[in-house]
Amino acid sequence: MSEKGCIKCGGTETGTKDVAMTGTGLSKMFDVQHNTFTVIFCKKCGYSEFYNKKTSTASNIADLFFGG
């Protein structure tokens, strides 16, 4: 159990993508996309997790994904 990998398939290759999303209320009505996230995904099975871009740093996102 010491090996790290995707929690769904055990894959060890990841990709990242930055995305922006609308909130609720007026921001949704006016399509203001002020919520930014970094998505990390398993290249083998596609399992994805979203991390708040304001609180996450690129250096530790893969560690979070793999449970490190």
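Residues numbered from 1 in each chain as written. Predicted model: local features only at pLDDT ≥ 70, side-chain atom pairs only at ≥ 80, totals over all residues. Heavy atoms only, no water.

Student: Describe the overall build of the protein, listing the residues and the values that go with them.
Tutor: Each helix and strand counted, the protein has 2 helices and 3 strands in total. Starting at the N terminus and ending at the C terminus, the protein contains elements arranged as β-α-β-β-α. Residue pairs in contact within the protein that sit at least 24 positions apart in sequence constitute 38% of those at least 6 positions apart. If you sum the accessible surface of the protein, you get close to 5000 Å²; carbon and sulfur atoms cover 53% of it. (Helix = DSSP H or I, 4+ residues; strand = E, 2+ residues; numbered from the N terminus. Contact = heavy atoms within 4.5 Å. Areas by Shrake-Rupley, 256 points an atom, 1.4 Å probe, with all protein chains shown as cover.)

Student: Give a detailed account of the sheet that holds strand β3 (residues 48-52), specifying residues and quantitative values.
Tutor: With antiparallel pairing, the 3 strands of this open sheet are ordered in space as β1-β2-β3. Only two strands of the sheet have a single neighbouring strand rather than two, namely β1 (14-21) and β3. Strand-to-strand twist across the sheet, computed as the mean angle between neighbouring axes with direction ignored, equals 25°. (Pairing = 2+ DSSP bridges. Axes fitted to C-alpha atoms, helices over the stretch in contact; angles between N-to-C directions.)

Student: Requested: an account of the confidence of the model for the protein, with residues and values cited.
Tutor: The predicted model of the protein averages 75 in pLDDT, with 54% of residues at 70 or higher. The least confident element of the protein, judged by mean pLDDT, is helix α1 (residues 26-29) at 49; the most confident is β3 at 90. (pLDDT = per-residue confidence, 0-100.)

Student: Tell me what's going on with the side chain of Thr 38, and back it up with residues and numbers.
Tutor: Its location among the elements puts Thr 38 in strand β2 (residues 35-42). Judged by relative accessible area, Thr 38 falls into the buried class, the value being 9%. There is a polar contact of 3.0 Å between the side chain of Thr 38 and the side chain of Asp 18. (Buried < 20%, exposed > 50% of the residue type's maximum accessible area, 1.4 Å probe, protein only. Polar contact = N/O pair within 3.5 Å; in protein donor to acceptor, adjacent residues only side chain to side chain.)

Student: Lay out the side chain of Glu 49 with the relevant residues and their values.
Tutor: Looking at the element boundaries, Glu 49 is found in strand β3. Buried charge without a salt bridge: Glu 49, with Lys 8 as the nearest opposite-charge side chain at an N-O distance of 8.3 Å. Side-chain polar atoms of Glu 49 contact the side chain of Tyr 47, separated by 3.0 Å. (Lys, Arg positive; Asp, Glu negative; His and termini not counted. Salt bridge = Lys/Arg side-chain N within 4 Å of Asp/Glu carboxyl O.)

Student: Mind laying out the state of the cysteines, listing which residues take part and the relevant values?
Tutor: Taken as a whole, this structure holds 0 disulfides when the rule is applied. Free of any disulfide, Cys 42 has its nearest cysteine sulfur in Cys 9, 3.6 Å distant. Cys 42 sits in the buried class, given a relative accessible area of 1%. Take Cys 45: it sits in no disulfide, and the sulfur closest to it among the cysteines is that of Cys 9, at 3.7 Å. Its relative accessible area of 40% is what places Cys 45 among the partly exposed residues. (Disulfide = S-S within 2.5 Å.)

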